[in-house]
Every structure is written in structure tokens, then in C-alpha cells.
Amino acid sequence: MTQDEQDKAIAAKGRHISLVIAGTMVAWLILSLLIGPAIGLPGRYALLFDFAALAAMIYAGVNIIQLWRMRQNSQR
């Protein structure tokens with residue numbers, strides 16, 4: 001893999017991570033603060049939304065570590 005291809009892969013992974021984080025936060029806020037209370041969902045569904053957001057953040061964290069390792073390998 002050339003340096004240019006590796007730089008593009010790093011940039012694409014960074015964009016992916018940022019979209020996951022931003023999308024998760026927007027969806028979690030909308031579901032927890034607007035839609036859930038508006039239609040009268042019980043509190044257990046709010047907990048479900050919280051766990052789904054937590055899972056997405058763990059996924060993003062794992063990808064951030066992978067991105068960091070990719071950058072470390074590309075600088076060698």
C-alpha cells in the first residue's frame with residue numbers, strides 16, 4: 001500500500017468515526033428528549049436508547065484505537 005493510499009484510508013476511517021459519533025448523539029438526543037416523551041414511551045425504552053448509544057460509542061472508541069494504530073504504522 002502506498003503512502004497516498006494509506007493517507008486516504010486514514011482519512012476515510014476518521015470520517016466514518018466522526019459520522020458514527022455525530023449520528024449517535026443526534027439520534028440519542030432526538031429519541032430520548034423529543035420522541036420518547038412525546039409518544040409516552042415507558043422509561044425502559046429510554047434505557048434501551050441509552051444502551052444503544054453506549055454500544056455505538058464503544059464501537060467508535062475501538063475504531064479510534066484502530067485509527068491511532070494506523071497512523072502510528074504510517075509514520076514509520
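Here's what I pulled together on the structure shown here. (Residues numbered from 1 in each chain as written. Predicted model: local features only at pLDDT ≥ 70, side-chain atom pairs only at ≥ 80, totals over all residues. Heavy atoms only, no water.)

Tracing the backbone through its elements, the reader meets Leu54 in helix 2 (residues 43-74). Taking the C-alpha atoms as reference points, Leu54 and Asp7, 47 residues apart in sequence, are found 29 Å from one another. (Helix = DSSP H or I, 4+ residues; strand = E, 2+ residues; numbered from the N terminus.)

Think of an α-helix as 3.6 residues a turn; residues three or four steps apart then line up on the same face. Here helix 1 (residues 3-39) contains 37 residues, and its C-alpha end-to-end distance of 52 Å stays within 8% of the 54 Å for a straight helix at 1.5 Å per residue. Bending of helix 1 peaks at approximately 40° at the position of Leu31. Looking at helix 1, one finds that the buried residues are Gln6, Ile10, Lys13, Ile17, Val20, Thr24, Ser32 and Gly36. In this structure, the buried side of helix 1 is in contact with helix 2. Just downstream of helix 1, Gly40 is the residue with a positive phi angle, here 75°. (Expected span 1.5 Å × (residues − 1). Bend = angle between axes of the 7 residues up to and from the residue. Buried < 20%, exposed > 50% of the residue type's maximum accessible area, 1.4 Å probe, protein only. Contact = heavy atoms within 4.5 Å.)

With the rule as written, the count across this model stands at one salt bridge. The partner of Asp4 in a salt bridge is Lys8, and the shortest N-O contact between them spans 3.8 Å. Residue Asp4 and its partner Lys8 are located together in helix 1, separated by four residues, close to a single helical turn. The partly exposed category is assigned to Asp4, whose relative accessible area is 47%. (Salt bridge = Lys/Arg side-chain N within 4 Å of Asp/Glu carboxyl O.)

Viewed as axis vectors pointing N to C, helix 1 and helix 2 meet at an angle of 165°, and their least axial separation amounts to 10 Å. Between helix 1 and helix 2, the crossing angle belongs to the class labelled roughly antiparallel. Where helix 1 crosses over helix 2, the two elements pack in a sense that is left-handed. (Axes fitted to C-alpha atoms, helices over the stretch in contact; angles between N-to-C directions. Parallel < 35°, antiparallel > 145°, perpendicular 65-115°, else oblique. Left-handed = near helix turned anticlockwise from the far one by under 90°.)

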